[in-house]
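Take a look at the letters that make up each chain.
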2 protein chains.
Amino acid sequence: MSEVRTIGILGGGQLGRMLSVAASRLGLRCHIYEPGANPPAAEVAHACTTASYEDEAALRAFARSVDVITYEFENIPTSALDLLEDLRPIRPGREALRVSQDRLTEKSFLRDLGLATAPFADVTDAASMTVALDGIGTPAILKTRRLGYDGKGQARLSTPADAEAARAAMNGAPAILEGFVDFSREISVIAARNADGDVACFDPGENLHDNGILRRTTVPAGIPGPMRMDAVLIASKILNALDYVGVLGVELFVTPGGLVVNEIAPRVHNSGHWTQNGCVVDQFEQHIRAVAGWPLGDGARHADVVMENLIGEDMERVPELARRPDTALHLYGKAETRAGRKMGHANIVTAKSS
Amino acid sequence: MSEVRTIGILGGGQLGRMLSVAASRLGLRCHIYEPGANPPAAEVAHACTTASYEDEAALRAFARSVDVITYEFENIPTSALDLLEDLRPIRPGREALRVSQDRLTEKSFLRDLGLATAPFADVTDAASMTVALDGIGTPAILKTRRLGYDGKGQARLSTPADAEAARAAMNGAPAILEGFVDFSREISVIAARNADGDVACFDPGENLHDNGILRRTTVPAGIPGPMRMDAVLIASKILNALDYVGVLGVELFVTPGGLVVNEIAPRVHNSGHWTQNGCVVDQFEQHIRAVAGWPLGDGARHADVVMENLIGEDMERVPELARRPDTALHLYGKAETRAGRKMGHANIVTAKSS
């Protein structure tokens, strides 16, 4: 079926940890590459290399020890990818990374596919900021084009007078001004595509964010059936356009005019953690299946699930959650609990309602 | 809740592998101790010691690196247990091992609890064999008292004339003669008890064996409700009598006169693998919770499951099973497929019927 036995994962956080566990169910093993010491993924991985993304010898040895390479975050330095790509296949491929590493490229890509996005404009200097503000108005949000996640690298503009302060907050990095979307709900679709071009989607989940960090995902999302189908079709369109192999997360806004794509993530996604207790094959195994050349699992959902992130002091809830009969805990084994740090999540599972 | 962070596991086979994965969900990590090279559990464990059970220095270093010790098989040499017990708690405790390591001790223990067992008698020599045969008759089965599993170390007696050959097959080991039980079904209960004395049981599963090796477990078992309750009460009685901490497997025969206990296993059990896809907390996590001092999870079942072992050439079924939407694969990553070797299992999941 597939000759892949060892999967290399760039990044050793909780996503790598859960990917490694999923790989073990298929009899596969994982080698983690992570610059930081004692990464969560190493505790359940066959091997772990602790080295920087500039260490060419370490990257080469890593690539040669694995059959295929994947990643748990999208901001991998290009030089490392260039080196690795010569030695082993990288899945999902470079095009998905190129598009998702840069907000401007991503938004343009989505618009060119005919998908709705927030209004956006390139901001490189004071002059382009003025043009952007003229077109988009306020309120708006200025974001660095690269390396932003969980609300970092963003500045809000309530009035045009905030423009200078917002630009200063970018520290000179190229940025994109985005208009606000008037949405009633935020949902996301976790979708997968394998090398044969097969696509499988999980049910959309409804997301609650707080300060840019996901707090909770609820499935099923409170949206009508035709909109669920729209979400799935949007995800499929993106997967096919990228000739994608692996799991992709698509965040969407529900608006009176239909679905607006917020952003895509070329990897397993926090808002897909509910699949661990709601599906026979979860998003982590689905990603491993795609990357390793296996058939995709079925995305059907057999339960309703509320996924709650355990962030920082939320860990104090663990003793109570451990006693709840409907709750599955997934802790990441991070030694130090810090404010804002994702420490684990809980899936609260109930009988399927719809 | 519990200060346990690292769990030591004696034995590195598939049970240790799945225990280590379950521990990771609770943010815990495992250190495997296994004499054989490249054990399946090491691929998902924080650490692995490859050393014999006679290597006192290795045993000491292992014990000192962990907070609590458990095991995936019951035939651990006594000398190793004596050494380890002085350094760290062993859970389940020595009494459970003493009872389950010896078929005669086990049967006597069960009988003394008032539970029904097959008729049995001690066989040490030709004279005791004659006495045993007089009491039990044929057909009967002669088994070594220690170190038997998966049908090994057993000889069947169709008539009293088979006595000499059966005794010879024991190679001088102390043995026990067991009468046959006229049963309609084989079932098993997987039950857990934690240090606080709380008990939780999973639904009984119905087992199909072939040549002494488990082929399939089906839940729910085809038995009436009151008998399910009897099975659970029997398991609870055994757990409490042993002051047990961890998961225990109890195999039972369904007979016209009620349930007869076949044997107990002081560990997670092959017939409990269905819980991975049928329960919020599976038998592996349940064992880790008990051993680590956590509250037990709920044993409630949310689906019907058929667990099929993949033994030897059954691995050829994997490509087909990987395509089935209702099937969860659990492969053990063993490098070499051999006849009779447990290579993995498949859980076929359907909506809960009863």
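As annotated in an unreviewed UniProt entry, chain A carries the name N5-carboxyaminoimidazole ribonucleotide synthase and is attributed to Pseudooceanicola nanhaiensis. You can read under Sequence similarities (unreviewed entry) in the UniProt record for chain A the words "Belongs to the PurK/PurT family." Taken directly from UniProt, the Subunit (unreviewed entry) text for chain A runs: "Homodimer."

Visitor: Describe the interface of chain B and chain A, naming the residues involved and giving the relevant values.
Guide: It is common to give the size of an interface as the accessible area lost on bringing the parts into contact. On the side of chain A, 36 residues touch chain B, which itself brings 35 residues to the contact. Between chain B and chain A, the buried area comes to about 2900 Å², and carbon and sulfur atoms account for 58% of it. Here chain B is connected to chain A by four salt bridges. B:Glu43 is the salt-bridge partner of A:Arg5, the closest N and O atoms lying 2.7 Å from each other. Those elements that place two or more of their residues in the side of chain B that touches chain A are helix H1 (14-25), helix H11 (318-323) and strand S16 (327-331) of chain B.

Visitor: I'd love a proper account of the environment of A:Met227, names of residues and values included.
Guide: Residue and element names in this part refer to chain A. Looking at the element boundaries, Met 227 is found in helix H8 (residues 225-241). Distance from Met 227 to Asn 347, taken between C-alpha atoms, is 24 Å for residues 120 residues apart in sequence. Aside from chain neighbours lying at most four places away, what touches Met 227 is Val 254, Gly 258 and Leu 259.

Visitor: Pulling in residues and values, what's your account of helix H6 (residues 126-136) of chain A?
Guide: Residues and elements named next belong to chain A. Every buried residue belonging to H6 is among Ser 128, Met 129, Ala 132, Leu 133 and Ile 136, and all of these are buried. Each buried residue of H6 sits inside an arc of 135 degrees when the element is viewed along its axis, so together they form one side. Every exposed residue of H6 that faces more than 90 degrees away from the buried side is listed here: Ala 127, Val 131, Asp 134 and Gly 135. Elements in contact with the buried residues of H6: strand S5 (120-123), strand S6 (140-144), strand S7 (154-157), helix H7 (163-169) and strand S8 (175-179). Once H6 ends, the next one or two residues include Gly 137, with phi positive near 75 degrees.

Visitor: Just give me the short version of the pairing of strand S14 (residues 258-265) of chain A, but keep the residues and values in it.
Guide: Residue and element names in this part refer to chain A. S14 sits mainly inside the fold: seven of its eight residues count as buried. Of the pairings in the sheet, the one linking strand S13 (residues 246-255) to S14 comprises seven bridges and is antiparallel in character. Bridge pairing links Gly 249 to Ala 265 in S14. Taken together, S13 and the strand that follows it, S14, pair antiparallel across an intervening segment of two residues.

Visitor: Summarise the environment of B:Asn262; cite the residues concerned and give the values.
Guide: Residue and element names in this part refer to chain B. Assignment of secondary structure puts Asn 262 in strand S14 (residues 258-265). On the accessibility criterion, Asn 262 (13% relative accessible area) is buried. Linking Asn 262 and Thr 117, residues 145 residues apart in sequence, is a C-alpha distance of 6.4 Å. Setting aside residues up to four positions removed in sequence, Asn 262 forms contacts with Glu 106, Lys 107, Glu 251, Leu 252 and Phe 253.

Visitor: I'd love a proper account of the side chain of B:Arg301, names of residues and values included.
Guide: All names here are of chain B. With respect to the element layout, Arg 301 can be found in the loop between helix H10 (283-292) and strand S15 (303-311). Taking the relative accessible area as the measure of exposure, Arg 301 reaches 6% and is therefore buried. In this structure the side chain of Arg 301 is engaged in a polar contact, spanning 2.8 Å, whose partner is the side chain of Asp 203. Engagement of the side chain of Arg 301 in a polar contact is seen with the side chain of Asp 304, the distance being 2.8 Å. In this structure Arg 301 touches Asp 203, Val 219, Pro 220, Arg 228, Trp 274, Gly 278, Cys 279, Lys 352 and Ser 354, once residues within four positions along its chain are discounted.

Visitor: Tell me about the relation of the copies chain B and chain A, and name the residues and values.
Guide: Note on the identical chains: chain B maps onto chain A by a rotation of 180 degrees and an axial translation of 0.0 Å, with an RMSD of 0.0 Å. In symmetry terms, the pair is related by a two-fold rotation axis. Minimal C-alpha distance to the rotation axis in chain B is attained by B:Val44, lying at 2.0 Å. Comparing contact sets, 100% of the residues at the interface of chain B also lie at the interface in chain A, consistent with an isologous, same-surface contact.

Visitor: Account for the domain arrangement of chain A, naming residues and giving values.
Guide: Residues and elements named next belong to chain A. Here the domain parsing of chain A yields domain 1 (6-90), domain 2 (119-179) and domain 3 (185-351). Between the C-alpha centres of domain 1 and domain 3 the distance comes to 22 Å. Counting residues at the interface gives 19 residues for domain 1 and 21 residues for domain 3. When the buried area of domain 1 at its contact with domain 3 is split by residue, Gln 14, Met 18 and Leu 26 rank highest and sum to 31% of it. Our count for the contact surface shared by domain 1 and domain 3 stands at three salt bridges.

Visitor: Requested: an account of the packing of H1(B) against H10(B), with residues and values cited.
Guide: All names here are of chain B. At a minimum axis separation of 8 Å, H1 and H10 run at an interaxial angle of 70 degrees. As summarised for this structure, H1 and H10 are arranged roughly perpendicular, according to the angle between their axes. Seen from above, H1 lies across H10 with right-handed handedness. For the pair H1 and H10, the contacting residues are Leu 15, Met 18, Leu 19, Ala 22, Ala 23 and Arg 25 in the first and Phe 284, Glu 285, His 287 and Ile 288 in the second. Residue classes in the contact of H1 with H10 are distributed as seven nonpolar, one polar and two charged.

Procedures and definitions
- Residues numbered from 1 in each chain as written.
- Chains lettered and ligands numbered in written order.
- Predicted model: local features only at pLDDT ≥ 70, side-chain atom pairs only at ≥ 80, totals over all residues.
- Heavy atoms only, no water.
- UniProt positions renumbered as here; feature names shortened; annotations may be inferred.
- Contact = heavy atoms within 4.5 Å.
- Buried area = accessible area lost by both parts, 1.4 Å probe.
- Salt bridge = Lys/Arg side-chain N within 4 Å of Asp/Glu carboxyl O.
- Helix = DSSP H or I, 4+ residues; strand = E, 2+ residues; numbered from the N terminus.
- Buried < 20%, exposed > 50% of the residue type's maximum accessible area, 1.4 Å probe, protein only.
- Arc of directions from axis to C-beta.
- Pairing = 2+ DSSP bridges.
- Polar contact = N/O pair within 3.5 Å; in protein donor to acceptor, adjacent residues only side chain to side chain.
- Least-squares fit on C-alpha atoms with pLDDT ≥ 70 in both.
- Domains from an automatic or database assignment.
- Axes fitted to C-alpha atoms, helices over the stretch in contact; angles between N-to-C directions.
- Parallel < 35°, antiparallel > 145°, perpendicular 65-115°, else oblique.
- Left-handed = near helix turned anticlockwise from the far one by under 90°.
- Nonpolar A, V, L, I, M, F, W, Y, C, P; charged D, E, K, R; others polar.

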